[in-house]
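Descriptive analysis of the structure
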Amino acid sequence: MSDITKRRNIGISAHIDSGKTTLTERILYYTRKIHAIHEVKGKDGVGATMDSMELERERGITIQAASTNVTWKNHSIDIIDTPGHVDFTVEVERSLRVLDGAILVLCAVGGVQSQSITVDRQMSRYKVPRLAFVNKCDRVGANPEKVTEQLRDKLNHNAVLMQLPIGLESSFEGIIDLVKMKAYYFDGPNGDIVREEEIPAALLPKAREKRDQMLDAVSMFSDELMEAYLEDRVTEDLIRQAVRKGTLALELTPVFLGSAFKNKGVQLLLDAVIDYLPNPADITNVALDLDNNESHVTLTADEKAPLVMLAFKLDDTRYGQLTYVRVYQGRITKGDEIKNARTGRIARVGRLIRMHADEMEDITTAGPGEIVALFGIECASGDTFTSPEINLAMTSMYVPTPVISLSIKAKDNKSAEQMAKALNRFAKEDPSFHTFVDPETNDTIIRGMGELHLEVYIERMRREYKVELEVGAPQVAYRESISQSAAFDYTHKKQTGGAGQYARVCGILEPTQESDFMFVDEIKGGVIPAEFIPSCEKGFRTALEKGPLTGFPIVGVKVTINDGNFHPVDSSDIAFQTAALSAFREAYLRCKPIILEPIMRVAVESPSEFQGAILGTLNQRRGIILSATEDNNFTVIEAEVPLAEMFGYSTVLRSATQGKAEFTMEFSRYAKVPESIAEQLKKQFAEKKQLR
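The sections below set out a description of the structure shown in this document.

Calculation rules
Residues numbered from 1 in each chain as written. Predicted model: local features only at pLDDT ≥ 70, side-chain atom pairs only at ≥ 80, totals over all residues. Heavy atoms only, no water. Axes fitted to C-alpha atoms, helices over the stretch in contact; angles between N-to-C directions. Helix = DSSP H or I, 4+ residues; strand = E, 2+ residues; numbered from the N terminus. Parallel < 35°, antiparallel > 145°, perpendicular 65-115°, else oblique. Contact = heavy atoms within 4.5 Å. Nonpolar A, V, L, I, M, F, W, Y, C, P; charged D, E, K, R; others polar. Pairing = 2+ DSSP bridges. Salt bridge = Lys/Arg side-chain N within 4 Å of Asp/Glu carboxyl O. Buried < 20%, exposed > 50% of the residue type's maximum accessible area, 1.4 Å probe, protein only. Patch = residues over 30% accessible without salt bridge, like charges linked within 9 Å, V, L, I, M, F, W, Y side chains within 5 Å. Areas by Shrake-Rupley, 256 points an atom, 1.4 Å probe, with all protein chains shown as cover.

In this section: the packing of helix α1 (residues 20-30) against helix α9 (residues 266-276). Where α1 contacts α9, the two axes come as close as 10 Å, and the packing angle between them is 85°. Comparing the axis directions of α1 and α9 gives the class roughly perpendicular. Along its contact with α1, which presents Leu23, Arg26, Ile27 and Tyr30, the element α9 presents Val266, Gln267, Leu269 and Leu270. Across the contact of α1 with α9, the residue classes tally to six nonpolar, one polar and one charged.

What follows is the structure, given as structure tokens:
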């Protein structure tokens, strides 16, 4: 499809269990991409189409973002279904990086939940225009107007209801469109037949009132609509243009309603995607010119311009590495030569495909705005590919730092071989999953975003690679820092015959909040020659790798060097590195070092009767309660709890609430550990050192 105005790239994101995958399944069905609807947890033995991994179907959650392409009213829509669980947040990040618009799915009962706030923040980071879809209007306690209010209060959105429900909960029958002022019903066993009727007389006054409210809000984006509104000659087109303008400017969030599970409202949502979400030409994308001091270059969605595309996801399949790319500019055709901007390597496009969950369709060419996949191209996630004649790179995506680690050990040689293969693959596919061998213990350490994140990878190693594993206890990624300043003056002198080593560095160590490490050079008069300044910085960086108290990295340190000395013969790069490293170690203990631990923001949602029990479980875990909100016999408790106390919390919560509560958590910040725990950690580290 060459008309770029008829193309949409959208993501579907939300809090866990808001019905994202169910909604995607309905979209696939109504766009005739699939011919039967399957439910998320696979009760029919099949499972939702987009959850293609066996583990996803078993657990009823989305682990990997999946992409597909559908056609609706002559428009081509690329859709990415993203995971809801915060442990897989990098999947959401990389999807949002390449999307032009998104649907924020909210539960009509739960409203704006903790993960909705995270997802919204991610969408804001990438300036993604969005529609809100209030799902589950058939559930007991559904209240779309309250959810719209929450969008305004909690997320600070200019949220405007574009529809009204006809009935709610078990009597939810259909939807009133406030633009057309018509009622819509969804007939047939799967809601295929959309029936347009007049608005029921009983609901007409409310519909008029809500339409007026909507026009009031929307007319702020169009003088023409404002004029027409005052003169009572508003047309549907004028409203749509104004809503689209407000949505693209990220100043308006139109709100749509429905129940994906009951097959209501999805077709109208698809119409809204076409009417209000941007086409690739509406969005300004910028690349960095690597030949010109990384100056910004605005990309044009023009298929005749040189090619620029971003690899945002890798997948290892039985046919080799599959690289998902989004084309921003130019056209890619089978057989073309493309350049990896990071490595400078030229590769030829062998096989080009369009993905539909785990199925593939071979294609020969793809233009601006399309999301496709390539086979047999070696690259890393986040690489830019261009035509060989240009040298541009897209800015990379945000990758959160892992907060949890555990050690794993293969039981035999065959498993060790397979484990290495698996780890290599996972680390390449998922930038938030790290793996390395601890040089002191020789243990393989894996790091990730949470218990579930690592659990899924361990399970995948067992199933997909048949690895027999021994898994250690999860470890928290502690950090060390300093709490006060101290000066240093260190001379490194060594004379063992032949050329000696001489270097002197002086300066000050200070705590800083601005970054993990800051290096300031205040050397005057060449007391340390300019060529040895980088050596000093390198020495300090080496010192930060492992703190003397716990063996964890040191963060939040500013080092200023302001004096020193050198010898014309004996000073060298290595002498200054050693001097800096030793100076840091000598001054560090005088800076009153502290140990920091990751603090998680935890949100527990449960029936109100268990509020006391939940507060008890959080208090026992050194939790600080931030808020407890009760709404319709349902309570949401938000708290900050150290990660070290959260291991196994799901089991405790389940038994304390008869399995009726659920919780989410995400990394919030690092904070100082209490003195008693700091002593324990130091003791453990000292014992570990003695054992070696």
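And the narrative resumes.
This paragraph deals with the sheet that holds strand β14 (residues 308-317). The eight strands lie next to each other as β18-β17-β23-β14-β15-β22-β19-β20, forming an open sheet whose pairing is antiparallel. Edge positions in the sheet fall to β18 (346-348) and β20 (359-363), since each has one partner strand and no second. Across the sheet, the axes of successive neighbouring strands diverge by a mean angle of 40°, strand direction being ignored. As judged from the nine bridges shared by β14 and strand β15 (residues 320-329), these two strands associate in the antiparallel manner. Within β15, the position partnered with Val308 by the bridge is Gln329. The strands that helix α10 (residues 413-429) touches are β14 and β15; relative to β14, the one it contacts most, it runs at about 155°.

Moving on, we come to the pattern of salt bridges. Per the counting criterion, the structure on display carries 34 salt bridges. Among the salt bridges present, the one from Glu145 reaches Lys210, with a minimum N-O distance of 3.2 Å. With Glu145 in helix α5 (residues 144-155) and Lys210 in helix α6 (residues 204-218), this residue pair connects regions lying 65 residues apart in the sequence. Taking relative accessible area as the criterion, Lys210 reaches 12% and is therefore assigned buried. Across the pair Arg195 and Glu197 runs a salt bridge whose closest N-O atoms are separated by 3.1 Å.

Inspection of the secondary structure puts Arg425 in helix α10. With a relative accessible area of 13%, Arg425 lands in the buried category. Beyond its immediate stretch of four places on either side in the chain, Arg425 contacts Asp315, Asp316, Arg460, Glu464 and Tyr465.

On the surface, a nonpolar cluster with roughly 340 Å² of combined accessible area is contributed by Met220, Met226 and Leu230. With respect to the helices, strands and loops of the structure, Met220 is situated in the loop between α6 and α7 (223-230).

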